Amino acid sequence: MRKAGHPYKKQLFVCCNTKKDGTGCAMRGGEELRERLKAKVQANPELIGKARVNKCGCMDFCHDGIAVQIQPADKLILDARPDDAEAIWEEFLES
Ligand code: FES
């Protein structure tokens, strides 16, 4: 094990999970939402290397997905859809 400093000041975690029964955030567009948010980081060169959009697994909010978490602000966004990318991005920038 090795401890290291984390280069990213802020991170978004977007659930892209598919459950065994086929439900989950993936079927609601988790991957598309993640791609839209990633594009926003890439469109802001000053944020590259400081902000990151991550795909993540189930956060146990499956019935309220797409679930998105903003860290380190510890904010949870539920019932997100790909069209919410702009609002989530603004929340992310304000966090
Ligand atoms: S599948 Fe996304 S929170 Fe469970």
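Residues numbered from 1 in each chain as written. Predicted model: local features only at pLDDT ≥ 70, side-chain atom pairs only at ≥ 80, totals over all residues.

## Regarding the pairing of strand β3 (residues 68–71)
This is how it is decided: At least two DSSP bridges between two strands are required for those strands to pair. Only DSSP runs of H or I covering at least 4 residues are called helices, and only runs of E covering at least 2 are called strands; the numbering of each starts at the N terminus.
Relative to β3, strand β1 (residues 10–15) runs antiparallel, the two being bridged by four bridges. Residue Val-14 lies in a different strand from β3, and its bridge partner there is Val-68. Pairing geometry for β3 and strand β4 (residues 75–77), over three bridges, is antiparallel. Opposite Gln-69, over in β4, you have Leu-76 as the bridge partner. Linking β3 to β4, which pair antiparallel, is a turn of three residues; within it Asp-74 sits at a positive phi near 60 degrees.

## Thoughts on the sheet that holds β3
Here is the rule we go by: Between N-to-C directions, angles span 0 to 180 degrees; the directions come from axes that are lines fitted to C-alpha atoms, helices contributing only their stretch in contact.
Reading across from one edge, β2-β1-β3-β4 is the order of the four strands in this open sheet, with mixed pairing throughout. Since the sheet does not close on itself, it has two edges, and those belong to β2 (51–56) and β4, each with one partner. The average undirected angle you get between the axes of adjacent strands in this sheet is 20 degrees.

## Remarks on helix α2 (residues 85–94)
Definition in use: Counting other C-beta atoms within 10 Å of a residue's own tells you its class, since 20 or more makes it buried, 12 or fewer makes it exposed, and anything in between is partly exposed; those C-beta atoms are placed from the backbone. An arc is given here, and it is the one of the directions from the helix axis to the C-beta atoms. Throughout, a pair of residues is in contact if the C-beta atoms placed from their backbones lie within 7 Å.
Buried within α2 we find Ala-85, Ile-88 and Phe-92. Seen from one end, α2 has its buried residues packed into an arc of 65 degrees, which puts them on one side. Among the exposed residues of α2, those oriented more than 90 degrees off its buried face are Glu-86, Ala-87, Glu-90 and Glu-94. In this structure, the buried side of α2 is in contact with β1, α1 (30–42), β3 and β4.

Geometric descriptors of this kind do not, in isolation, establish any biological role.
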